[in-house]
Structure formats: structure tokens, C-alpha cells
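# Structure assessment
Here is what each chain is made of, one letter per residue.
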Amino acid sequence: GVELAKDLGISPPDYKKDVAPTVMDHALGVSKLFVELVRNVDGSAPTLSARAFEWVNGDSLGLPFVEREDGKDRQRLIFPDAVVEVPQAKRRVFVEYETGSHHVTKRDDDKEGTAESKLKRYGRAIHGLADPAGRTTFYAKAYRDDLIPELLFVVHSEKRRDNVRAMVKGERGKGRNVDFAYV
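The structure presented is a predicted model; accordingly, all values stated were derived computationally and were not measured. (Residues numbered from 1 in each chain as written. Predicted model: local features only at pLDDT ≥ 70, side-chain atom pairs only at ≥ 80, totals over all residues. Heavy atoms only, no water.)

### Description of the pattern of salt bridges
Counted according to the given criterion, the structure contains twelve salt bridges. Taking the shortest distance from any N to any O, the salt bridge between Lys 120 and Glu 116 comes out at 3.3 Å. In this pair, Lys 120 and Glu 116 both sit in helix H3 (residues 115-127), four residues apart, roughly one turn of the helix. With a shortest N-O distance of 3.0 Å, Arg 161 and Asp 162 are connected by a salt bridge. One network of salt bridges, with partners in common, ties together Glu 96, Glu 98, Lys 118 and Arg 160. (Salt bridge = Lys/Arg side-chain N within 4 Å of Asp/Glu carboxyl O. Helix = DSSP H or I, 4+ residues; strand = E, 2+ residues; numbered from the N terminus.)

### Digging into helix H5 (residues 158-173)
Between its first and last C-alpha atoms H5 spans 22 Å; for 16 residues at 1.5 Å apiece the expected length is 22 Å, and the two agree. Regarding H5, the residues found buried are Arg 160, Val 164, Met 167, Val 168 and Glu 171. The arc enclosing the buried residues of H5, seen along the axis, measures out at 95°, which places them on a common side. Of the exposed residues in H5, the ones pointing more than 90 degrees away from its buried face are Glu 158, Lys 159, Lys 169 and Gly 173. Immediately beyond the C-terminal end of H5, within one or two residues, lies Gly 175, with a positive phi of roughly 85°. (Expected span 1.5 Å × (residues − 1). Buried < 20%, exposed > 50% of the residue type's maximum accessible area, 1.4 Å probe, protein only. Arc of directions from axis to C-beta.)

### With respect to the environment of Lys 169
Within the secondary structure, Lys 169 sits in helix H5. Residue classification places Lys 169 among the exposed positions, given a relative accessible area of 63%. Separated by twelve residues in the primary sequence, Lys 169 and Ala 181 place their C-alpha atoms 9.9 Å from one another.

Structure follows, in C-alpha cells:
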């Protein structure tokens, strides 16, 4: 995946130190997704001009938003695993690769890495107002184009897929605007 990314002019993640096995599993999963997206159907080597999308490594950008905590506004950043931009479809897809190392829903000891907390943070970033008077969202402030934001949870198993789908459906049932999320 790293050599393919370099051949296509895309900067692969730069791990400056040894990584834990769970981090390596995660990095390999994201790399496999990239390879599957650029692989030609006939098995031939992909070319940069043949791609209909742009791949941006998530560690090279952050989507800013504000979170209210203890009565104070806190500046936050979401770092997706990758961002896939498809200009022809007017879509920007924030990719979260779910390895299963965290629970799907929030637990006291495991709140930041859950799919549920990621969904809520993306919701604040995509729909939250950075400028209430001007009605500008944090997303629109960060990306001044017409690409529609989407969140894609990529999962490692059918069971994880079903659990994340159920969580997203539950959030919809609570009246939360999670129309941007897919599993």
C-alpha cells in the first residue's frame, strides 16, 4: 500500500516509531481500503489519471469544531483515518476504519474511541454552527467548496457492521441528524 501510494503521488502515513499491534492492524486496514479503491477491475496497475477520487491521509488534516464541556466551549479537531474526495459526485467522505478495539457505544472507561462518540463529534462538526449569525457550519468554514460531507464507518466483520448500523439507527430514532453516516 505504501509503495502504491508513493507511485500515485500520495503521501502515505509516516510512522516515526514502532507502533502497537492494534495500531498496525488499523493502519493495515486503512491501507487495504486504499488499495481496493485504486485497484483496476481488470487487475492492471492503477494510474493517477484513472482515479475518479482524491485520497487524503487523515493524519494530515483535522476537521475543527467546538464542543461544550463543563459550561465552556472547547476547540476540538477530528482526525479521520482518511478522506476520499469525489468531485464528480460532489462528495467528501470521512473514513473511520473500525477494528473493534473500542466498544460501539459509550462506556465509562471507553468513551472517546467509540463509534457512537465519533458519530456525535462528526455531527457537531458537520451540522454545528461556527458562525450562528451567518449560519455557517464548522464544515463549511473548513471546506469552502460544494462537496457534501459523508461519514463512512468501514468495519472488519458483519457483526460489527450490524452493531454500528444499529447504533446509527438508534441515533436517528432519537431525532439526531445523522443523515451523513453510512456503514
